[in-house]
Amino acid sequence: MARRARREGRGGGRGATAGRAARKGLWGIARIVSLITTVVVVIIVIGIVLTLLDANKDNQIVKWVLDAAKFLVGPFKDIFKPHSAKTKIAVNWGLAAVIYAIVGGLIARLLRR
């Protein structure tokens, strides 16, 4: 009985255990958010590189990456309208990648608190 009282006095009771479990769960969710953010940013950046290097758009892998990137950057379409099509993609898609990275990083950081 004295051991239990000492343990609870140090914050070792059920409430502390539940708090640790909740933090552990949120850290897991933060990892998932970070992973998803990284995948999204990588797909967009690869799409930019493939566009700038004039990759063969008939290739299935290139087509898939470009289609996925176009879907992900949809809300950022035509924010800037430079004359060159490649510059337009690089600027708008680059902005999308930066925004995704910042927002995903902030969400993950908030979950880790």
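Residues numbered from 1 in each chain as written. Predicted model: local features only at pLDDT ≥ 70, side-chain atom pairs only at ≥ 80, totals over all residues. Heavy atoms only, no water.

Pairing between side chains becomes possible if they bear opposite charge and their charged atoms approach one another. Here the structure, examined in full by the defined rule, presents three salt bridges. Ionic pairing is found between D67 and K63, a salt bridge with its closest N-O pair at 3.1 Å. Placement of both D67 and K63 in helix α3 (residues 60-72) is noted, with a separation of four residues, approximately one turn of the helix. For D67, a relative accessible area of 37% gives the class partly exposed. (Salt bridge = Lys/Arg side-chain N within 4 Å of Asp/Glu carboxyl O. Helix = DSSP H or I, 4+ residues; strand = E, 2+ residues; numbered from the N terminus. Buried < 20%, exposed > 50% of the residue type's maximum accessible area, 1.4 Å probe, protein only.)

Let's shift gears to the nonpolar core. If you look at the biggest cluster of nonpolar residues, it comprises 17 residues, and the most contacted ones within it are I44 and W93. Those elements that provide at least two residues to this core are α2 (14-52), α3 and α4 (85-112). Setting aside its immediate chain neighbours within four residues, W93 contacts I44, G47, I48, T51, L66, A69, K70, V73 and K88. (Core = buried A, V, L, I, M, F, W, Y, C linked by side-chain atoms within 4.5 Å. Contact = heavy atoms within 4.5 Å.)

A negative phi angle is the norm for most residues apart from glycine, just as the trans form is the norm for most peptide bonds. One non-glycine residue, D54, lies in the positive phi region at around 55 degrees. Secondary-structure assignment places D54 in the loop between α2 and α3.

Here we take up the side chain of T37. Looking at the secondary structure, you find T37 in helix α2. Overall, the relative accessible area of 15% leaves T37 in the buried class. Setting aside residues up to four positions removed in sequence, T37 forms contacts with Y100, A101 and G104.

In this section: a positive patch on the surface. Taken together, the side chains of R31, R109, R112 and R113 make up a positively charged region of the molecular surface. Among the structural elements, R112 can be located in helix α4. By relative accessible area, which is 32% here, R112 ends up partly exposed. (Patch = residues over 30% accessible without salt bridge, like charges linked within 9 Å, V, L, I, M, F, W, Y side chains within 5 Å. Areas by Shrake-Rupley, 256 points an atom, 1.4 Å probe, with all protein chains shown as cover. Lys, Arg positive; Asp, Glu negative; His and termini not counted. Charge placed at Lys NZ, Arg CZ, Asp CG, Glu CD.)

So, about the packing of aromatic side chains. Aromatic ring pairs are reported here in terms of the distance separating the ring centres and the angle at which the planes meet. According to the stated counting rule, one finds one aromatic pair in the structure shown. Taken together, a centroid distance of 5.9 Å and an interplanar angle of 65 degrees make the contact between F76 and Y100 edge-to-face. Here the residue F76 occupies a position in the loop between α3 and α4, and Y100 occupies one in helix α4, the gap between them amounting to 24 residues. Overall, the relative accessible area of 15% leaves F76 in the buried class. Of the residues examined, Y100 reaches a relative accessible area of 27% and is grouped as partly exposed. Over the ring of W27 we find R112, and its NZ or CZ is 5.8 Å from the ring centre. (Phe/Tyr/Trp six-rings, centres within 6.5 Å; stacked < 30°, edge-to-face > 60°. Lys NZ or Arg CZ within 6 Å of the ring centre and 35° of its normal.)

This part is about the side chain of T51. Take T51: it is sitting in helix α2. Within the local environment of T51, its side chain forms a polar contact with the backbone oxygen of G47, the two atoms lying 2.8 Å apart. (Polar contact = N/O pair within 3.5 Å; in protein donor to acceptor, adjacent residues only side chain to side chain.)

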